[in-house]
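Observations on chain architecture
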Amino acid sequence: MISYYLSQLLFSFIASASFGIIFNAPRQSLIKCGIAGMIGWISYVLLEDLNVDTVMASFVGAFFVALVGHIMAKVNRMPMIIFSVAGIIPLVPGGLAYNSMRHVAQNDYLGAIPLAAKAFAISGAIAMGLVFAEVLVQLFLNILKKLKGVNN
């Protein structure tokens, strides 16, 4: 079981860092892109193993990618999008979308509908996870600003 999780960590790191290269992320950020993707993917895998719905697990994974991306952006003084775009790559439901289009190409529209709906729901959950993390970080930063203003 441990080797399963280690392989999930390793391959999600490689996938995210590799997409960082494809997206022309700065070299010094590639390891951090891999870490962001690794954290998002392992949270997704752990929730899947606990029988949490795929859509909710994708939401949580994207949420963690965005939180880690914000932290790394602040620490490294880089745009957050560098880390979040490469980090969400392992969560993208490419296999579902492919299978849906394959069913469409074979004129099996009834087989394509549930696959397309699931891919759409997962994609929406990923977007919502990124947005929720952004809102949470902005609320946290606003509270910190107010607390600093009170203390001065």
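Quick look at the structure, then. Since we're looking at a predicted model, the values are computed, not measured.

Turning next to the overall build of the protein chain. If you tally the helices and strands in the protein chain, you get six helices and zero strands. Each helix and strand of the protein chain, ordered N terminal to C terminal, gives the series α-α-α-α-α-α. Across the 152 residues of the protein chain, 37% fall into the buried class. For the protein chain, the proportion of contacts with a sequence separation of at least 24, taken over those separated by at least 6, is 66%. Working note: accessible area of the protein chain is about 9,200 Å², and carbon and sulfur atoms make up 72% of it. For the protein chain, the distance from the average site of its 9 positive side-chain charges to the average site of its 5 negative ones is 22 Å.

Examined against the element boundaries, Asn76 turns out to sit in helix α3 (residues 54-76). Classification of Asn76 by relative accessible area gives partly exposed; the value is 24%. Along the chain, Asn76 and Leu115 lie 39 residues apart, while their C-alpha atoms are 39 Å from each other. What Asn76 contacts, discounting residues up to four positions off in sequence, is Lys32 and Phe83.

As a further point, take the side chain of Gln8. Residue placement: Gln8 occurs in helix α1 (residues 2-22). Filtering out sequence-adjacent residues up to four positions away, Gln8 remains in contact with Trp41, Ile42 and Val45.

Right, let's get into the nonpolar core. In terms of nonpolar packing, the biggest core is built from 17 residues, with Ala25, Cys33, Leu67, Ile82, Phe83 and Ala133 touching the most fellow members. Breaking this core down by element, the ones donating at least two residues are α2 (30-49), α3, α4 (80-88) and α6 (109-151). No other element matches the six residues that α3 contributes to this core. In this view, Ile82 contacts Ala25, Pro26, Ser29 and Cys33; residues no more than four positions away in its chain are not counted. Formed by twelve residues, the second largest nonpolar core is a distinct cluster that contains Ile42, Val45, Ala57 and Val65.

What counts and how
Residues numbered from 1 in each chain as written. Predicted model: local features only at pLDDT ≥ 70, side-chain atom pairs only at ≥ 80, totals over all residues. Heavy atoms only, no water. Helix = DSSP H or I, 4+ residues; strand = E, 2+ residues; numbered from the N terminus. Buried < 20%, exposed > 50% of the residue type's maximum accessible area, 1.4 Å probe, protein only. Contact = heavy atoms within 4.5 Å. Areas by Shrake-Rupley, 256 points an atom, 1.4 Å probe, with all protein chains shown as cover. Lys, Arg positive; Asp, Glu negative; His and termini not counted. Charge placed at Lys NZ, Arg CZ, Asp CG, Glu CD. Core = buried A, V, L, I, M, F, W, Y, C linked by side-chain atoms within 4.5 Å.

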